[in-house]
Amino acid sequence: MPRIERLDAADAATAARWDEFVQGCPEATFFHRAGWQRVLGGVFGHDTHYLFAVEGNRIRGVLPLAHVRSVLFGNALSSLPFAAYGGVAAEDEASAAALEREAEALAQRLRVQHLELRQLERRHEGWPRQELYVTFRKAILPDEEANMLAIPRKQRAMVRKGIKGGLSSRLDDGVGRFFDLYADNVHRHGTPALPRRFFEALRREFGPDCEVLTVAAPDGRALSSVLSFHFRNEVLPCYAGDDVAARELAANDFKYWELMRRACARGSTLFDYGRSKVGTGPYAFKKNWGFEPQPLHYEYRLLRRDSVPQNNPANAKYRLLIEAWRRLPLAFANRLGPYVVRSLG
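Being a predicted model, the structure only gives us computed values, none of them experimental.

Engineer: Even after reading the chapter, I still don't get the overall build of the protein, so can you show me in this structure?
Structural biologist: Secondary structure summary: the protein contains 11 helices and 15 strands in total. Overall, the protein is about 60 × 45 × 35 Å in size when its C-alpha atoms are taken along their principal axes. Here the protein holds 345 residues, and the buried ones make up 53% of them. Counting only contacts in the protein whose residues sit at least 6 apart along the sequence, the fraction spanning at least 24 positions is 72%. Surface summary for the protein: the accessible area is close to 15600 Å², and the carbon and sulfur share equals 51%.

Printed below as a string of structure tokens:
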């Protein structure tokens with residue numbers, strides 16, 4: 001049986017071995033990379049437990065976990081907060097099972113209410129699951145024009161509207177323009193923004209694998225921006241924001257076309273539109289681009305609670321809070337938001 005060890009965030013040599021395994025494991029995602037341990041601990045102060053299965057000197061599986069504690073939203077061990085995907089990534093079932101046993105034992109020792117595994121594939125038929133989220137993944141064709149023609153007619157017309165309107169895109173060195181658009185956008189939707197230093201930490205940690213693309217009007221005004229991750233042959237737009245004028249000027253469609261076009265040029269073969277909640281505007285937008293939803297399997301080991309937590313804006317009990325948050329001055333919301341959102345994940 002494989003033995004289970006823990007990754008020390010300061011152990012660069014073992015972190016490099018971890019990332020080498022993640023790079024080659026088909027079940028692994030960008031969110032399994034070791035750098036997330038430093039980001040989650042450094043920005044949010046969460047205790048992390050990065051478990052890996054070893055046979056001999058060879059890593060056979062990984063399971064990144066973070067302990068998220070909140071008076072408002074509960075006490076959980078999760079793989080992984082602020083990530084679309086997580087859970088076990090392993091070469092064999094013995095390693096996967098050993099990692100999950102250790103995670104359950106850790107959850108009991110920490111006295112959390114539940115253990116959450118955010119997976120692309122279902123592993124435990126008997127565990128309760130969250131069925132709110134789906135993902136959208138589609139192949140990037142090797143030819144730019146073929147990718148344009150693969151976009152459904154209505155959305156393709158919006159892309160061409162942006163091109164004719166003189167919109168332009170640029171990869172930004174920093175997160176300034178992105179954060180201004182992102183923070184304003186989430187505030188309009190009544191939800192707290194992640195702190196600017198989170199996005200700065202992502203850029204520092206992942207370097208060229210984390211990039212910001214911003215779309216501007218002909219006069220140079222920033223209209224829409226997206227922070228994306230590159231992993232193996234995939235591009236994953238993860239966080240986005242836009243100006244109120246973006247829809248009228250087709251800046252959002254143009255933005256994702258530019259991201260796809262640039263990814264095609266660098267040889268990427270998969271466009272991962274990321275997760276969305278079923279029945280929301282982003283869900284409909286991605287379907288209109290010709291992407292089909294694929295269910296995400298967020299599985300829960302309930303330990304000290306009776307039901308799956310619903311800490312998301314779709315929960316009706318948060319309706320009044322969302323309306324109140326919209327009314328806060330943006331500057332105040334940006335100062336207060338990080339203290340709230342750190343416990344949501």
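That shown, we press on.
Engineer: Sorry if this is basic, but what is going on with the pattern of salt bridges here?
Structural biologist: One side chain can pair with another of opposite charge once the charged atoms of both are near each other. In total, this model carries 29 salt bridges according to the counting rule given. The residue Arg60 makes a salt bridge to Glu91 at a minimum N-O spacing of 2.6 Å. Taken together, the residues span a long stretch of sequence, with Arg60 in strand E3 (residues 58-70) and Glu91 in the loop between strand E5 (89-90) and helix H3 (93-110) at a distance of 31 residues. Since its relative accessible area comes to 37%, Glu91 is described here as partly exposed. Connected through salt bridges with shared partners, the residues Glu55, Arg58, Arg60, Glu91 and Asp92 form a single ionic network.

Engineer: How should I be thinking about the nonpolar core in this particular structure?
Structural biologist: The nonpolar side chains of a soluble globular protein tend to be buried with one another. Trp36, Phe198, Phe199 and Leu202 are the most contacted members of the largest nonpolar core, which has 55 residues in total. Look past the residues within four positions of Leu202 in its chain and what remains in contact with it is Trp36, Val39, Gly207, Cys210, Leu227, Phe229 and Tyr239. By size, the runner-up hydrophobic cluster in this structure holds 27 residues, among which are Phe136, Leu167, Trp257 and Cys264.

Engineer: Before we go on, may I ask you to explain the environment of Arg304 in this structure?
Structural biologist: Among the structural elements, Arg304 can be located in the loop between strand E15 (297-302) and helix H10 (319-327). Taking the C-alpha atoms as reference points, Arg304 and Ala96, 208 residues apart in sequence, are found 24 Å from one another. Those residues in contact with Arg304 that lie beyond four places of it in its chain are Ala107, Gln108, Arg111, Val112 and Gln113.

Engineer: I keep staring at the sheet that holds strand E8 (residues 133-139) and nothing clicks. Help me out?
Structural biologist: The strand order E9-E10-E11-E12-E13-E8-E14 describes an open sheet built from seven strands, whose pairing is mixed. Across the chains shown, the open sheet's two edge strands, defined by having one partner strand only, are strand E9 (168-172) and strand E14 (293-295). Strand-to-strand twist across the sheet, computed as the mean angle between neighbouring axes with direction ignored, equals 30°. Both E8 and E14 contribute to a ladder of three bridges, which runs antiparallel. Following the sheet pairing, Thr135 is matched in E14 by Gln294. Of the strands in this sheet, E9, strand E10 (210-216), strand E11 (222-231) and strand E12 (234-242) touch helix H6 (residues 176-188), which is tilted by about 65° from E12.

Basis of the calculations
- Residues numbered from 1 in each chain as written.
- Predicted model: local features only at pLDDT ≥ 70, side-chain atom pairs only at ≥ 80, totals over all residues.
- Heavy atoms only, no water.
- Helix = DSSP H or I, 4+ residues; strand = E, 2+ residues; numbered from the N terminus.
- Buried < 20%, exposed > 50% of the residue type's maximum accessible area, 1.4 Å probe, protein only.
- Contact = heavy atoms within 4.5 Å.
- Areas by Shrake-Rupley, 256 points an atom, 1.4 Å probe, with all protein chains shown as cover.
- Salt bridge = Lys/Arg side-chain N within 4 Å of Asp/Glu carboxyl O.
- Core = buried A, V, L, I, M, F, W, Y, C linked by side-chain atoms within 4.5 Å.
- Pairing = 2+ DSSP bridges.
- Axes fitted to C-alpha atoms, helices over the stretch in contact; angles between N-to-C directions.

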